[in-house]
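Residues per chain are reported as follows:
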Amino acid sequence: MAPPQCFSGVLLLVLALAVLGPAAAAEEPRWAPALEAAEGLAEELWGAGLPGDLPELEPECRSLLAAFAEGCAALTGCLGRRARPVRLCQGCHGLYRRLLTLYGSIARAVGNSSESHNCAKSILTSDRLQIVVTLSEFFNETWEAANCANCLKNNSEGLSNSTEEFLDLFNKSLTCFEHNLQGQTVYLSPNNYTEVCKNCNETYTKLNDLYNNLQRMNRQSDESGHSAHLCIDVEDAMNITRKLWSRTFNCSLPCSDTVPVIAVSSFILFLPIVFYLSSFLHSKQKKRILILPKRIQSNASLVNIQEKYS
């Protein structure tokens, strides 16, 4: 059991930190000597030995925790910088993979000595808040909500070939828009953007068709376990391009099936005429020829005839 002097020192240290902590955060230069003295006292107390329920992290665990904290800060900065326009998956997948590796190391690591504490127990589950677990779940949920797995290769080392092809067409479309604006700013009064619609129609059509194909393929591959949505990078890029094409430039995408659509529509409209005409021809009745009977002689003529032969 620790001596009473040790417990008194610990109590004084806790009270000092509770009183000086907020003020030290607000006026760091003023309270810097006091904080240094408190840290020195804490080191002496740790050296003298504290009760067993207040263990110190092993050097290996402390190193892993510091690396995880740096990984969280780097990934948070990456997500924030690429929030608009959305470039999360293509710009932050390396940092996300590194953070997963660090978290896995914490969950598996054990100190070198036989008496050392398990890093997973001391870092992940030793308190009610479980900060490291909460941070890891937050990044995992954000990554899954962005559907980044649908834009990356199976091992998440880089973008898939289809995603790279889409982004290449997306950049070409934006370049074409820029080159055909004739020096006019997009957000000025409405201008004539016929050059943009005419010269960029082929590139935009390819981009739109590729996006539709990617959506169709993604819906058909349900066995992969991924969401039906494409990754947020591709969806946001397509939304931007469509808004520019339809709203800003007021362009329309010509339908490649115009002739078949017109033919089918005309046939459907002509069907009622064919139906009524055929009904009329098949149900036409021949004119009835009325055969009028001979007139019956009057009663007076019949009487005369009878008298004649009588």
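Residues numbered from 1 in each chain as written. Predicted model: local features only at pLDDT ≥ 70, side-chain atom pairs only at ≥ 80, totals over all residues. Heavy atoms only, no water.

A. Spotlight on the packing of helix 3 (residues 59–81) against helix 6 (residues 131–145). At a minimum axis distance of 12 Å, the contact between helix 3 and helix 6 shows a crossing angle of 30°. Of the two possible hands of crossing, helix 3 and helix 6 adopt the one that is left-handed. Residue-level inspection shows Leu65, Phe68, Cys72, Leu75, Thr76 and Leu79 of helix 3 in contact with helix 6, the latter providing Val132, Leu135, Ser136, Phe139 and Thr142. Classifying every residue of the contact of helix 3 with helix 6 gives eight nonpolar, three polar and no charged. (Axes fitted to C-alpha atoms, helices over the stretch in contact; angles between N-to-C directions. Helix = DSSP H or I, 4+ residues; strand = E, 2+ residues; numbered from the N terminus. Left-handed = near helix turned anticlockwise from the far one by under 90°. Contact = heavy atoms within 4.5 Å. Nonpolar A, V, L, I, M, F, W, Y, C, P; charged D, E, K, R; others polar.)

B. Main features of the pattern of salt bridges. This model, assessed by the stated rule, comprises four salt bridges. Taking the shortest distance from any N to any O, the salt bridge between Asp168 and Lys172 comes out at 3.4 Å. With Asp168 and Lys172 both in helix 7 (residues 161–179) and four residues apart, this pair spans about one turn of that helix. (Salt bridge = Lys/Arg side-chain N within 4 Å of Asp/Glu carboxyl O.)

C. Local environment of the side chain of His93. With respect to the helices and strands, the residue His93 is situated in helix 4 (residues 88–108). Residues in contact with His93, not counting those within four places in the same chain, are Leu88, Trp143, Leu152, Ser156, Glu157 and Gly158.

D. Structural context of the state of the cysteines. For the structure on display, the rule yields six disulfides. In this model, Cys78 is linked to Cys92 through a disulfide, with the two sulfur atoms separated by 2.0 Å. Sign of the S-S torsion, about -95° for the bond between Cys78 and Cys92, identifies this disulfide as left-handed. Within this pair, whereas Cys78 is found in helix 3, its partner Cys92 is found in helix 4, the two being separated by 14 residues in sequence. The exposure class of Cys92 is buried, given its relative accessible area of 0%. (Disulfide = S-S within 2.5 Å. Buried < 20%, exposed > 50% of the residue type's maximum accessible area, 1.4 Å probe, protein only.)

Shape descriptors only; they carry no functional weight alone.
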